[in-house]
Amino acid sequence: MIRSLASFFLILIPLTEIPLQAQVSEETSRWKRTGSPNTYFHHIEIRDDRGQVIVPGQENGRLPHLGSTCAPCHDVEKASGGLHGGDGIDGKTGEPWMLLDSRSGSRWPVHHRSWNSFTSVEELGLKQSDLIKQFGAHDTGGTNSISGMASDCLICHMPHSYNFELRAKSIKDNKPQLASFIAMGLSDVNGALNPRMFDAENKVSLDLKGDAGPEACLHCHQQTPANNDANRPTWTHAEDVHLAAGMSCVDCHRAGLDHHIVRGHDGEIHPSGTPVETLSCRGCHLPEGTPVMRSAPRPEHRGLPPFHLEELTCTACHSGPMSENSGEQVWTSRAHRLGITRQDRTADSPPEVFTGILLKDEHGRWAPHYQTWPAGWVKSASETHPERVLPPHDLRTSLRRILRVRSDMVTELANTPEDPDRTERSISVFLGQQSESTAFISGGLGWKQAAGDQLTAVEMELAKSVEWKQGHPVRPASMSTGAQGCSDCHSTTASWPLLESEPKTLVDLNSNEAQKSAEKLNQEKTTVFDSLRWNLWKPLFNGRDLAKLILSGCAFIAFFGSLFRLFKSLDRRPS
Amino acid sequence: MKTWRHGLQLLVILAMLTAIPGIPLGTDLRGYPLMIHITVGTLLAVGLLLRIKLQSEQEHWLRSLAWLLLSTGLVTLVIPMLGMTSSDTTHLWLETHGWLSITGLALMAISAAPQRALQEKTTS
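Right, let's walk through the structure included here.

### Quick look at the overall build of chain A
No. 1: A tally of regular secondary structure across chain A gives 20 helices and 16 strands.
No. 2: Buried positions account for 43% of the 575 residues belonging to chain A.

Pasting the structure below:
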């Protein structure tokens, strides 16, 4: 019996291998590869959504389709997924998208991933058309991306001749499917192909690259000081030390065709199961055992007590703004639509995003974070429901009817010299006409109606700040915090480790009730750092070099003296 | 003189006690315990220096060896403090500081009896 069963399994094993082999051979035969690391020059035909070649002048209403154009040679379906396409594990918190709705004064950090404290797309009641309009310009698309648009391969893989602003404009004009063709000048807004781009074979030549250089990534992953003052007296070199050394973003943030882009943090679990530890700061610069990247400088951190490396992330000293600029307001590509020309982008343009805020990360280490503060209308928690966001578009009609808000709530309800309580009174009146649980969130606090058209501050979960870790730009060792010695942090003048961003409230509140209640709540807040210990430490660093000298002198004299005394004792020993 | 010597020994014991939060191995002292340890250690360093100058009585060689180990322990702490080692090797220097100091204290306890016998012999 056992023998016959064994024979059965022996026959079965080779059979189970057949489909696997067939699958592999199908995969290897279907997709073309040059096998060379050199760039392949794309000389290709443009196709419609059915994969049929389109010739300029003979479109017959057919529109060019990027997926179908790439599909003969590339696994577009696979390339549209991955972490970059919104798939895969959520992992640690990343940058949110910012929903800005001026008509309701709302500023909600939103993401489709289940990251703490970010509002979900469902909560905000956004339709796909809203998502495309709001976030499409800076979303490369993908299977599960925020906008739900199809992947635009060219925004990342076409280093030259891709007009980012034209792409943004096409998306705004409700032509997301044509955006990439319009951006590279291949088609007009109606989908008519540009004949001058085609050769005699009705093909186009495209300069596409696997790694299109940092500029491609920086379209959407950029940050710059919000005051944008070219004459500021402090050093604001934005370039990352790795880029300055000739590296590219994808040297560390690698991905295969699956686009599971390595995020590059400690303890990262890559969806592919590939060990990616060497692509983090520590993995590359502080490897255990044999270094993998032999050319990566190995920092010695001379004189730095080693527990700093356990308590701080590398970025705490090497990344983000210089310590004197910590806590400054920045613009980020996604939140402030960088790359799109605007005349009204000012230092105060919402949302306020602060940089270099030192907070603990998921490993319990201090790391610089970006920080922003939500604003908008919410329902407070009840026995049956937790706190929840009121979708901005649901409030527009009532805001218009009750407060006559037409386009910008903050500006239209702003206080005036003749009416210094206008904002507070208006919000209070509006809240009075909503259910009792409705509140307005701004400046890190919730605001509820109080007697006499005033507002009173309440603590609310949704009003709390949201943060995400800051990784770049990485500064060289000579510009890192601590390069000038311990006193970069441990001095009576250095305060950046205790820094907290101060939220600006949208509503200018003047009544006693509002000011008193806000003051009370703000006093109850504790700093993230043990400031008592920190302040006790500080004076110890005054004259530290002298103290070191004295201690060293004592130690060495004591050592030689003790040695002398030992010899003396041994000499006196009776023989 | 005796009180002064006892005071120094008390400082050694205090330094050991304040180092307890640095256990287990591989965990460096930090925060408040480090502040206290450094304060006691600084007083001890000055005490060790004064001992060389002030102590004139005869010492048993085991007791001298104990003080030498404690002084060497202090030197192994000072070297990384002066920025002469990298962060990786600093751990080793700090551990060496700990082990030398513990051995010194242990030897000081062991040397108590021979030291007393030597003193009695000297006075008689």
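Structure shown, so let's carry the discussion forward.
### Some thoughts on the packing of helix 4 (residues 87-110) of chain B against helix 5 (residues 112-123) of chain B
Residues and elements named next belong to chain B.
No. 1: Orientation of helix 4 relative to helix 5, taken along the N-to-C sense of each, is 45°, at an axis distance of 4 Å. Between helix 4 and helix 5, the angle is such that the two are oblique. Every residue of helix 5 that contacts helix 4 at Met108, Ala109 and Ile110 is listed here: Ala112, Ala113 and Pro114.
No. 2: Its residues assigned to classes, the contact of helix 4 with helix 5 shows 6 nonpolar, no polar and no charged.

### Thoughts on the interface of chain B and chain A
No. 1: Facing 43 residues of chain B, the contacting portion of chain A comprises 36 residues.
No. 2: Between chain B and chain A, roughly 3,500 Å² of surface is buried when both sides are summed, and carbon and sulfur atoms account for 66% of that area.
No. 3: On the surface where chain B and chain A come into contact, there are 1 salt bridge.
No. 4: Applying the counting rule to chain B against chain A returns 6 residue pairs in polar contact (both at pLDDT 80 or more).
No. 5: Of all elements in the fold, only helix 2 (31-54), helix 3 (61-81) and helix 4 of chain B reach the threshold of two or more residues within the side of chain B that touches chain A.
No. 6: It is helix 3 of chain B that provides the largest number of residues to the side of chain B that touches chain A, a total of 12 residues.
No. 7: Classifying every residue of the side of chain B that touches chain A gives 21 nonpolar, 15 polar and 7 charged.

### Observations regarding the sheet that holds strand 12 (residues 388-389) of chain A
No. 1: Within the open sheet, the 5 strands sit side by side as 12-11-13-14-15 (chain A). Their pairing is antiparallel. Edge positions in the open sheet fall to strand 12 and strand 15 (454-458) of chain A, since each of these has one partner strand only.

### Overview of the side chain of A:Ser248
Residues and elements named next belong to chain A.
No. 1: Inspection of the secondary structure puts serine 248 in the loop between helix 9 (241-244) and helix 10 (249-252).
No. 2: Assessed through its relative accessible area of 10%, serine 248 is described here as buried.
No. 3: In this structure the side chain of serine 248 is engaged in a polar contact, spanning 2.9 Å, whose partner is the side chain of aspartate 211.
No. 4: For serine 248, the residues in contact, after removing those within four places along its chain, are Asp211, Gly213, Pro214 and Leu243.

### So, the pairing of strand 15 of chain A
Residues and elements named next belong to chain A.
No. 1: As defined by bridge partners, strand 14 (residues 445-450) adjoins strand 15 across 5 bridges and the pair is classed as antiparallel. Opposite lysine 448, over in strand 15, you have threonine 456 as the bridge partner.
No. 2: Where strand 14 folds back on strand 15, the antiparallel hairpin that results is connected by 3 residues, among which glycine 452 adopts a positive phi of roughly 75°.

### Describing the packing of aromatic side chains
All names here are of chain A.
No. 1: On inspection of all chains with the given rule, the structure shows 6 aromatic pairs over all chains.
No. 2: For the pair tryptophan 377 and phenylalanine 440, a centre-to-centre distance of 4.5 Å together with 50° between the ring planes defines the contact as tilted. Taken together, the residues tryptophan 377 in strand 11 (residues 376-379) and phenylalanine 440 in strand 13 (residues 438-442) connect sequence positions 63 residues apart. Accessibility classification places tryptophan 377 together with phenylalanine 440 in one group, the buried group.
No. 3: Among the aromatic residues, those joined into a ring-pair cluster are Trp377, Phe430 and Phe440.
No. 4: Positioned above the aromatic ring of tryptophan 97, the side-chain terminus of arginine 334 is 4.2 Å from the ring centre.
No. 5: For arginine 345, the ring lying beneath its charged end belongs to tryptophan 331, and the centroid distance is 6.0 Å.

### Observations concerning a nonpolar patch on the surface
No. 1: The grouping of B:Leu10, B:Ile13, B:Leu14, B:Leu17, B:Ile20 and B:Ile23 at the surface amounts to a nonpolar patch, some 570 Å² of accessible area in total.
No. 2: Mapped onto the elements, B:Leu14 comes out in helix 1 (residues 2-18).

### Considering the pattern of salt bridges
All names here are of chain A.
No. 1: The full count for this structure, using the stated rule, is 18 salt bridges over all chains.
No. 2: Aspartate 90 serves as the salt-bridge partner of arginine 113, at 3.2 Å between the closest nitrogen and oxygen. In this pair, arginine 113 is assigned in the loop between strand 5 (106-110) and helix 4 (128-135) and aspartate 90 in the loop between helix 3 (76-79) and strand 4 (97-101), connecting sequence segments 23 residues apart.
No. 3: Taking relative accessible area as the criterion, aspartate 90 reaches 24% and is therefore assigned partly exposed.
No. 4: Connected through shared salt-bridge partners, Asp266, Arg282 and Arg365 make up one network.

### A few points about the nonpolar core
No. 1: The biggest cluster of nonpolar side chains holds 25 residues, and the ones touching the most others in it are B:Leu44, B:Leu48, B:Trp67 and B:Leu70.
No. 2: Looking at this core, the elements with two or more residues in it are helix 20 (544-572) of chain A together with helix 1, helix 2, helix 3 and helix 4 of chain B.
No. 3: At 9 residues, helix 3 of chain B tops the list of elements feeding residues into this core.
No. 4: Setting aside residues no more than four positions away along its own chain, B:Leu48 makes contact with A:Ala558, B:Leu8, B:Trp67, B:Ser71 and B:Leu74.

Conventions adopted
- Residues numbered from 1 in each chain as written.
- Chains lettered and ligands numbered in written order.
- Predicted model: local features only at pLDDT ≥ 70, side-chain atom pairs only at ≥ 80, totals over all residues.
- Heavy atoms only, no water.
- Helix = DSSP H or I, 4+ residues; strand = E, 2+ residues; numbered from the N terminus.
- Buried < 20%, exposed > 50% of the residue type's maximum accessible area, 1.4 Å probe, protein only.
- Axes fitted to C-alpha atoms, helices over the stretch in contact; angles between N-to-C directions.
- Parallel < 35°, antiparallel > 145°, perpendicular 65-115°, else oblique.
- Contact = heavy atoms within 4.5 Å.
- Nonpolar A, V, L, I, M, F, W, Y, C, P; charged D, E, K, R; others polar.
- Buried area = accessible area lost by both parts, 1.4 Å probe.
- Salt bridge = Lys/Arg side-chain N within 4 Å of Asp/Glu carboxyl O.
- Polar contact = N/O pair within 3.5 Å; in protein donor to acceptor, adjacent residues only side chain to side chain.
- Pairing = 2+ DSSP bridges.
- Phe/Tyr/Trp six-rings, centres within 6.5 Å; stacked < 30°, edge-to-face > 60°.
- Lys NZ or Arg CZ within 6 Å of the ring centre and 35° of its normal.
- Patch = residues over 30% accessible without salt bridge, like charges linked within 9 Å, V, L, I, M, F, W, Y side chains within 5 Å.
- Areas by Shrake-Rupley, 256 points an atom, 1.4 Å probe, with all protein chains shown as cover.
- Core = buried A, V, L, I, M, F, W, Y, C linked by side-chain atoms within 4.5 Å.

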